[in-house]
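Coordinates in review
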Amino acid sequence: MKRSPETVDSQRSPTAQAPFPAIKVENIVKRYGTFEAVKGVNFEVAEGEIFGLLGPNGAGKSTLIRMMTTLIPVTSGRAIVGGHDVVKEPNEVRNMIGVIPQALTSDQDLTVEENLSIYAKLYSVPRVQREKNIAEVLEAVDLTKWRGAQTKTLSGGMRRRLEIARGLVHDPRIFFLDEPTTGLDPVSRIAVWEMLNNLKKRRNLTMLITTHYMEEADRLCDRIAIVDHGSLVALGTPIELKQSVPGSNVVEVQFNREDDGWKSRLMALTDVTDVQSQSAGVYRVLTSNGSRTTTQLVELAAGLGEELTSLSVQNTSLDDVFVHYTGRQLRDEQVKSVFMMPPRPGAQP
Ligand SMILES: Nc1ncnc2c1ncn2[C@@H]1O[C@H](COP(=O)(O)OP(=O)(O)O)[C@@H](O)[C@H]1O
Ligand SMILES: [Mg+2]
């Protein structure tokens, strides 16, 4: 079955409007025999953007990356990377990109620096430039003091950082990372996210990452394309995607005193679809716009000279988004909730 992806309000995303996309994929297809691993996918990645392909194992993420990075033939459709067609001008594409494959591939018996040096030579980076680049990328991934260490002595997180450095040693403009944190412990994973964010800012890199971690897509990516069974099913910023899921924000509110009128006043707020009484003065407010309802609630209470004793907003999570568009759960589920105590009406900020 072929579905067209649901583009969620991409007009509002400033990064989606750059005139020359760093990556443009048009109706791209990959068939293995009769099996269609990628079924006519379309998207653009703006320069300087971190773009995520989010989907479960087998969705077609690695296949997409391999086509965009010239590693496997394209069955039909086009991919333009850095202005060059991956089929017609593969060498031009290769010169502009860095690629981190899904499996760890650094040579275990070489030192950190040797692994980088080999890659720089492979890309014909001249010697003086090579030394400068190696020093810079080592610094960027915080491995300078490990430059002489044998790769096999590094932890998983450090090896991932080495691979990231290696992918950058020839100073590419566009960086492809296939599951950059799979297999890492949570602390190393967060360190890798921070590093990628810093790299993006400092080098104005465009990055395309694949992941099956919701939190990774949410925290790292400017825009996310949800991939399922070889097709794109949704595309947008994390916030746009969450807002596209109808009516699933919940605001839990507690007033300082019980009053018969609360329920009807809450029901009258814009965006509110239902109000459930919990206990005395406590209500669950279902809304299609959690943040606007929160503001209105605070204003409502202030206007009446009443006090809110607590307010908690349960955001729609990317899991809800995934379930909405694919009909199933992805691993690593979690519900994010924000708890905030609003200022007392009339209090100084
Ligand atoms: N060389 C191949 N030959 C046949 N099928 C393949 C090959 N490579 C990948 N596939 C199939 O294509 C689908 C997508 O795989 P892949 O792109 O690796 O998914 P992901 O990276 O999202 O986990 C899977 O069903 C996989 O089994
Ligand atoms: Mg993969």
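Residues numbered from 1 in each chain as written. Chains lettered and ligands numbered in written order. Predicted model: local features only at pLDDT ≥ 70, side-chain atom pairs only at ≥ 80, totals over all residues. Heavy atoms only, no water.

Once that is clear, we can look at the overall build of the chain. A tally of helices and strands in the chain yields 11 helices and 16 strands. Once local pairs closer than 6 in sequence are excluded, the contacts in the chain between residues at least 24 apart make up 68%. Total accessible area on the chain stands at roughly 16,600 Å², and carbon and sulfur atoms take up 50% of it. (Helix = DSSP H or I, 4+ residues; strand = E, 2+ residues; numbered from the N terminus. Contact = heavy atoms within 4.5 Å. Areas by Shrake-Rupley, 256 points an atom, 1.4 Å probe, with all protein chains shown as cover.)

What follows deals with the sheet that holds strand E3 (residues 35–45). Spatially, four strands are ordered E3-E2-E5-E6 in an open sheet, and the strand pairing comes out antiparallel. Only two strands of the sheet have a single neighbouring strand rather than two, namely E3 and strand E6 (84–85). As defined by bridge partners, strand E2 (residues 23–32) adjoins strand E5 (residues 76–81) across five bridges and the pair is classed as antiparallel. Bridge pairing in E5 places Lys 24 opposite Ile 80. Sitting on the sheet, helix H1 (residues 61–68) touches E2, E3 and E5, and the angle it makes with E2 is about 115°. (Pairing = 2+ DSSP bridges. Axes fitted to C-alpha atoms, helices over the stretch in contact; angles between N-to-C directions.)

So, about the coordination of the magnesium ion (ligand 2). Donor atoms from the polypeptide that coordinate the magnesium ion (ligand 2) comprise Ser 62 (OG) and Gln 102 (OE1), at 2.0 to 2.4 Å from the metal. Highlighted residues: Ser 62 in helix H1 and Gln 102 in the loop between strand E7 (97–100) and helix H3 (112–122), separated in sequence by 40 residues. Relative accessible area serves as the criterion here: at 35%, Gln 102 is assigned to the partly exposed category. (Donors = N, O, S within 2.8 Å, 3.2 Å for Na, K, Ca; no water. Buried < 20%, exposed > 50% of the residue type's maximum accessible area, 1.4 Å probe, protein only.)

Below, the discussion takes up the environment of Phe 175. Of note, Phe 175 is situated in strand E8 (residues 174–178). Here Phe 175 falls in the buried class, since its relative accessible area comes to 0%. Spatially, the C-alpha atoms of Phe 175 and Val 99 are 6.0 Å apart, while their sequence positions differ by 76 residues. Every residue in contact with Phe 175, bar those within four places of it in the chain, is listed here: Gly 98, Val 99, Ile 100, Ile 164, Gly 167, Leu 168, Leu 205, Thr 206, Met 207 and Leu 208.

Time to look at the pattern of salt bridges. Counting across every chain of the model gives 20 salt bridges. Put simply, Glu 44 and Lys 24 hold a salt bridge, and the shortest N to O gap is 2.7 Å. Of this pair, Glu 44 sits in strand E3 while Lys 24 sits in strand E2, and the two are 20 residues apart along the sequence. Classification of Lys 24 by relative accessible area gives partly exposed; the value is 25%. A salt bridge links Asp 222 to Lys 200; the shortest N-O distance between them is 2.9 Å. In this pair, Asp 222 sits in the loop between helix H7 (214–220) and strand E10 (223–228) while Lys 200 sits in helix H6 (residues 186–203), placing the two residues 22 residues apart along the sequence. Residue Asp 222 is classed as partly exposed on the basis of its relative accessible area of 23%. The class of Lys 200 is buried, set by a relative accessible area of 18%. (Salt bridge = Lys/Arg side-chain N within 4 Å of Asp/Glu carboxyl O.)

Along an α-helix, residues three or four apart share an orientation, since each turn contains 3.6 residues. Counted at 1.5 Å a residue, the expected span for H6 with its 18 residues is 26 Å, and the 26 Å between its end C-alpha atoms agrees. When H6 is considered as a whole, its buried residues turn out to be Ser 188, Arg 189, Val 192, Trp 193, Met 195, Leu 196, Leu 199, Lys 200 and Arg 203. Take H6 and look down its axis: the buried residues cluster within an arc of 165°, on one side only. Exposed residues pointing more than 90 degrees away from the buried face of H6 are listed as Pro 186, Val 187, Glu 194, Lys 201 and Arg 202. Among the structural elements, strand E4 (50–54), helix H4 (127–140), helix H5 (156–168), E8, strand E9 (206–211) and H7 are those in contact with the buried residues of H6. Between the side-chain oxygen of the N-cap and the backbone nitrogen of Val 187 there are 3.1 Å, and the N-cap of H6 in question is Asp 185. Just downstream of H6 lies Asn 204, where phi reads positive at about 50°. (Expected span 1.5 Å × (residues − 1). Arc of directions from axis to C-beta. Polar contact = N/O pair within 3.5 Å; in protein donor to acceptor, adjacent residues only side chain to side chain.)

The interhelical angle for the contact between H3 and H4, taken along N-to-C directions, is 130°, at an axis separation of 10 Å. In this view, H3 runs oblique relative to H4, as classed from their interaxial angle. Seen along the crossing, H3 lies across H4 with a hand that is right-handed. Residues Val 112, Glu 113, Leu 116, Ser 117, Ala 120 and Lys 121 of H3 lie in contact with H4, whose contacting residues are Arg 130, Ile 134, Val 137 and Leu 138. Class assignment for the residues of the contact of H3 with H4 results in six nonpolar, one polar and three charged. (Parallel < 35°, antiparallel > 145°, perpendicular 65-115°, else oblique. Left-handed = near helix turned anticlockwise from the far one by under 90°. Nonpolar A, V, L, I, M, F, W, Y, C, P; charged D, E, K, R; others polar.)

What follows covers the side chain of Thr 181. For Thr 181, the location among the structural elements is in the loop between E8 and H6. Separated by 3.3 Å, the side chains of Thr 181 and Arg 189 make a polar contact.

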